[in-house]
Amino acid sequence: GGWKDDVEALRWCRLAAAQNPADAQCNLGFMYRQGRGVKKDEVEAVKWYRLAAAQNHAAATFNLGCMYANGEGVKRDDVQALAHWRSAASQEHGGACCNLGMSYLHGYMGLKVDVDQAKRLLARAVSQGCERAQPHLDQLVS
């Protein structure tokens, strides 16, 4: 679904995050990153993603990697981005598997092109429901 009232959702997420649940911290990161119910603040988003990632929250770890990859709220850092995506991929996060697969496929972020590794990662991404990986995997297997 999604939230009908972003401000109310933000209030509840803050209350939950104060108790330390990683899901709420990840949601707060998302809300700050997107400016949902609050002024967009990428630095604050990174703070909440870090707290959740420290609890091995796969989505927060993936999102933190994206923040590093894009230089959102932090200095762009490919090494950190890849490390966070690898961590999230080890927890079977489809988006992380896809991003890593694409990085190996195209040699992004300083990685050497490795088509076999790209295929494996993209197949894992698809098995985890990441639809954006499917067309890239299809190209590799056809």
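In the block above lies the structure referred to throughout.
Residues numbered from 1 in each chain as written. Predicted model: local features only at pLDDT ≥ 70, side-chain atom pairs only at ≥ 80, totals over all residues. Heavy atoms only, no water.

*Asks:* Talk me through the overall build of the protein; I want residue IDs and the actual numbers.
*Replies:* A tally of regular secondary structure across the protein gives eight helices and zero strands. Written out in order from the N terminus, the α and β elements of the protein read α-α-α-α-α-α-α-α. Taken over C-alpha atoms, the radius of gyration comes to 16 Å for the protein, in line with the 14 Å a tight globule of 142 residues would show. Principal-axis analysis of the C-alpha atoms gives the protein an extent of 50 × 30 × 25 Å. Split into buried and exposed, the 142 residues of the protein put 44% on the buried side. In the protein, of all internal contacts separated by at least 6 residues, the share reaching a separation of at least 24 is 43%. (Helix = DSSP H or I, 4+ residues; strand = E, 2+ residues; numbered from the N terminus. Rg over C-alpha atoms; globule rule 2.2 N^0.38 Å. Buried < 20%, exposed > 50% of the residue type's maximum accessible area, 1.4 Å probe, protein only. Contact = heavy atoms within 4.5 Å.)

*Asks:* For the nonpolar core, give the residues involved together with the corresponding values.
*Replies:* Counting residues in hydrophobic clusters, the biggest one holds 46 residues, and the most contacted among them are Leu28, Tyr49, Trp85, Cys98 and Leu122. Counting residues per element, the ones that place at least two in this core are helix 1 (6–18), helix 2 (22–34), helix 3 (42–53), helix 4 (58–70), helix 5 (78–90), helix 6 (94–106), helix 7 (115–127) and helix 8 (134–141). Residues contacting Leu28, with those up to four places away along its chain left out, are Leu10, Cys13, Arg14, Ala17 and Trp48. (Core = buried A, V, L, I, M, F, W, Y, C linked by side-chain atoms within 4.5 Å.)

*Asks:* Please provide a residue-by-residue account of the environment of Gly129, values included.
*Replies:* For Gly129, the location among the structural elements is in the loop between helix 7 and helix 8. Its relative accessible area of 52% is what places Gly129 among the exposed residues. Along the backbone, Gly129 and Gly95 are 34 residues apart, and their C-alpha atoms lie at a distance of 8.8 Å.

*Asks:* I'd like a description of the pattern of salt bridges, backed by residues and values.
*Replies:* For the structure on display, the rule yields six salt bridges. For Asp6, the salt bridge is made with Arg36, and the minimal N-O distance between the two is 2.9 Å. Here Arg36 lies in the loop between helix 2 and helix 3 and Asp6 lies in helix 1, a separation of 30 residues in the sequence. Put simply, Glu92 and Arg124 hold a salt bridge, and the shortest N to O gap is 3.2 Å. Of this pair, Glu92 sits in the loop between helix 5 and helix 6 while Arg124 sits in helix 7, and the two are 32 residues apart along the sequence. Judged by relative accessible area, Arg124 falls into the partly exposed class, the value being 28%. (Salt bridge = Lys/Arg side-chain N within 4 Å of Asp/Glu carboxyl O.)

*Asks:* Help me get a handle on the environment of Val141, residues and values and all.
*Replies:* You can see Val141 is positioned in helix 8. When its relative accessible area of 57% is taken as the criterion, Val141 is described as exposed. Remark: the alpha-carbon pair of Val141 and Ala9, spanning 132 residues in sequence, is separated by 43 Å.

*Asks:* I'd like to hear about helix 4, residue by residue, with values.
*Replies:* For helix 4, with 13 residues, the first-to-last C-alpha span of 18 Å sits near the 18 Å given by 1.5 Å per residue. Most of helix 4 is tucked away, with eleven of its 13 residues classed as buried. Every buried residue belonging to helix 4 is among Ala58, Ala60, Thr61, Phe62, Asn63, Leu64, Gly65, Cys66, Met67, Tyr68 and Ala69, and all of these are buried. Summarising the contacts, the buried residues of helix 4 are in contact with helix 2, helix 3, helix 5 and helix 6. (Expected span 1.5 Å × (residues − 1).)

*Asks:* An account of helix 2 is requested, with residue identities and associated values reported.
*Replies:* Between the first and last C-alpha of helix 2 there are 18 Å, a value that for 13 residues agrees with the 18 Å anticipated at 1.5 Å per step. Within the sequence span of helix 2, burial applies to Ala22, Ala24, Gln25, Cys26, Leu28, Gly29, Met31, Tyr32 and Arg33. Where helix 2 is buried, its residues touch helix 1, helix 3 and helix 4. Taken from the residues just after helix 2, Gly35 is the one with a positive phi, measuring 70 degrees.

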